[in-house]
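Summary of structural features
This is what each chain is made of:
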Amino acid sequence: MSFPAPTFDLVVALSRLRTREPAAHALAQQVAPGLGATALLGVDVGYRPGTDTALFCLRLDARMITAPLLARTEQGARRAGATVLTLAALAVAERQRLVRLMRRQQVAARGLPDLYAAATFLCDQLGIGGQAGTASPPSLEVRFRRGDTWHPGRLWRLGLDGAFIATGAPPRPGDAVEIELCRPGLNTTLRIPGLCIHTVSPEAARTAGAAGFLARFAFASAADHRALAAALAATPQPATLAAPPRRRDIRYPITWPGRLTAPGRRPIRLLDVSLRGAFIATTGGHLGDRVTVAIPGDNSPSLSLPMRVARVISPAIAGARGLHPGLGLELSAGDPASERAYRKFVARVARRSSLHVILCAHPPRLPELVAEFSAIGYATEGLTRIDDVRQRALAGRGNPDLVILDDSVVHRDRRAAHDLLRVLERRAIAVIRSGHEPPRAARRLADAALVS
């Protein structure tokens with residue numbers, strides 16, 4: 001597991017794990033609140049049955065380390081009956097021995113989002129109980145904007161310095177994001193710019209049951225800081241929010257068209273996909289327990305998949321919770337070839353969700369390109385001026401994976417376009433020229449360069 005910033009590692013040793021249920025969750029409850037929202041980048045955890053001892057390696061952002069934070073961590077660990085070792089304070093031989101010991105643990109996971117996820121992992125693996133019982137559901141709803149697209153999320157940690165957000169489409173470290181917090185039932189909404197500093201790896205997301213990212217706030221004004229402080233005053237303290245629902249698979253947001261072919265025929269939109277299912281937006285009455293969904297291929301033939309209705313979001317529930325009405329579907333046993341093709345489709349969506357594409361075109365061409373690229377999972381940013389693309393490239397942080405440069409802007413200023421191409425080449429940013437082809441053809445060119 002690699003992190004975008006230097007880490008300051010603390011190892012917490014917790015003995016007699018089986019005989020002191022719920023020791024692992026008690027440790028999380030004692031230590032996590034003192035770490036705040038953005039100091040903890042991840043947790044490696046290991047357990048050896050022979051000694052009945054768990055080792056938790058807390059990977060802290062070295063830039064956030066303070067004496068009070070370390071003191072709170074040690075005090076919390078002692079209250080839970082654990083011992084804290086600071087790797088940097090150990091002699092070289094002792095440090096190497098401890099690292100080797102961590103690697104030899106028989107039950108292990110790396111890069112988990114927090115201590116609650118690590119404790120849950122251990123309890124699941126060892127077959128012991130002791131779920132934490134004091135965590136509260138978030139009273140603030142959250143979504144975030146990456147490029148031009150708003151994505152739903154769920155608060156995992158929240159503090160005055162930043163937030164950890166669970167989502168199927170996390171940004172990349174270094175990407176600028178805008179985070180929107182709102183309290184249900186009240187007309188209070190707060191938007192805060194931020195910077196993604198860490199994302200949960202796909203392997204850790206599968207273990208924890210949720211993907212997500214850590215963002216550090218970059219307040220535009222003191223008023224925004226005061227507004228967040230007021231919102232936090234009525235919200236559970238950082239790190240005590242209930243973990244997001246555990247999922248077997250990561251869900252990737254899209255807005256891809258489809259069609260229900262049984263029972264009846266009606267158009268639908270796929271709003272997210274995962275390896276074992278999908279969520280579709282649809283209207284109408286009860287459809288039964290089984291449906292057949294036809295999905296146009298992105299770069300492949302259309303698919304027809306039998307699915308089981310696992311969840312129904314009615315218009316009343318959707319309105320109360322800010323969701324889309326529709327159906328949560330799970331794959332049913334069907335044609336193995338179609339199932340393999342669907343999983344390849346989801347894998348391509350997953351790949352696109354990690355990619356940032358800048359689309360530079362003149363209206364009305366730009367909205368058509370943005371709609372095509374974002375519908376199938378790309379993080380998009382639409383710009384109408386070549387100079388804006390140049391400034392983004394020269395900023396040097398969160399560079400795009402690809403720039404689509406449309407002829408509708410090139411023809412207006414060929415000299416600026418030539419200068420931009422030279423800047424992109426120096427920055428090693430890929431660029432594709434787009435002419436008068438349909439938006440889907442332009443997207444397929446991007447797929448060939450980035451996904452296929």
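Residues numbered from 1 in each chain as written. Predicted model: local features only at pLDDT ≥ 70, side-chain atom pairs only at ≥ 80, totals over all residues. Heavy atoms only, no water.

Glancing now at the nonpolar core. Counting 94 residues, the largest nonpolar core has Phe56, Leu58, Val273, Tyr342 and Phe345 as its most contacted members. If near-sequence neighbours (up to four positions away) are discounted, Val273 is found in contact with Ile250, Arg251, Tyr252, Ile254, Ala278, Tyr342, Phe345, Val346 and Val349. If you look at the next biggest cluster of nonpolar residues, it comprises 19 residues, including Val142, Ile165, Leu181 and Cys196. (Core = buried A, V, L, I, M, F, W, Y, C linked by side-chain atoms within 4.5 Å. Buried < 20%, exposed > 50% of the residue type's maximum accessible area, 1.4 Å probe, protein only. Contact = heavy atoms within 4.5 Å.)

Now for the pairing of strand E13 (residues 266-274). The side chains of a regular strand alternate between the sheet's two faces. Where strand E12 (residues 252-262) lies against E13, seven bridges are found, and the strand directions are antiparallel. Bridging from a neighbouring strand, Pro257 pairs with Arg269 of E13. The antiparallel pairing of E12 with E13 creates a hairpin that spans three residues between the two strands, and Gly264 there sits at a positive phi of about 70°. Across five bridges, E13 lies against strand E14 (residues 277-281) in antiparallel orientation. Its bridge partner lying in E14, Val273 is registered against Ala278. Linking two consecutive strands that pair antiparallel, namely E13 and E14, is a turn of two residues. (Pairing = 2+ DSSP bridges. Helix = DSSP H or I, 4+ residues; strand = E, 2+ residues; numbered from the N terminus.)

Scanning the model with the defined rule gives five aromatic pairs in all. On the numbers, 4.9 Å between centres and 65° between planes, the contact of Phe144 with Phe213 is edge-to-face. With Phe144 in strand E6 (residues 141-146) and Phe213 in strand E11 (residues 212-217), the pair connects residues that are 69 residues apart, well separated along the chain. Each member of the pair, Phe144 together with Phe213, is buried. Between the aromatic rings of Phe373 and Tyr378, the centroid separation amounts to 5.5 Å while the plane-to-plane angle is 45°, which identifies the pairing as tilted. The burial state of Phe373 is the same as that of Tyr378; both residues are buried. (Phe/Tyr/Trp six-rings, centres within 6.5 Å; stacked < 30°, edge-to-face > 60°.)

The next thing to look at is the pattern of salt bridges. The tally for this structure, following the rule as stated, stands at 24 salt bridges. With a shortest N-O distance of 3.0 Å, Asp175 and Arg172 are connected by a salt bridge. Each member of the pair, Asp175 together with Arg172, is buried. A salt bridge links Glu180 to Arg191, with the nearest nitrogen and oxygen atoms 2.7 Å apart. One end of the pair, Glu180, is in strand E9 (residues 176-182); the other, Arg191, is in strand E10 (residues 189-199), with 11 residues separating them in the sequence. Through salt bridges with shared partners, a single network forms among Asp298, Arg348, Arg352, Glu372, Arg440, Arg443 and Asp447. (Salt bridge = Lys/Arg side-chain N within 4 Å of Asp/Glu carboxyl O.)

The parallel open sheet is built from four strands, whose spatial order is E19-E18-E20-E21. Two strands lie at the open edges of the sheet, namely strand E19 (379-383) and strand E21 (430-434), each paired on one side alone. Ignoring which end each strand starts from, the neighbouring axes of this sheet average 20° apart. (Axes fitted to C-alpha atoms, helices over the stretch in contact; angles between N-to-C directions.)

Time to look at the sheet that holds E14. One closed barrel accounts for six strands, arranged E12-E13-E14-E17-E16-E15; its pairing is antiparallel. Averaged over all pairs of adjacent strands, the angle between their axes in this sheet comes to 45°, without regard to strand direction. In the packing of helix H8 (residues 336-353) onto the sheet, the strands contacted are E12, E13, E14, strand E15 (290-295), strand E16 (303-313) and strand E17 (326-331), and the crossing angle to E16 comes to about 65°.

What follows covers helix H2 (residues 67-79). For the α-helix, the turn length of 3.6 residues means that residues three or four positions removed from each other point alike. A rise of 1.5 Å per residue sets the reference length of H2, with its 13 residues, at 18 Å; its end C-alpha atoms lie 18 Å apart and thus fit the reference within 8%. Where H2 is buried, its residues contact strand E1 (7-15), helix H1 (23-35), strand E3 (53-61) and strand E4 (83-86). Downstream of H2 by one or two residues, Gly81 has phi in the positive range, about 80°. (Expected span 1.5 Å × (residues − 1).)

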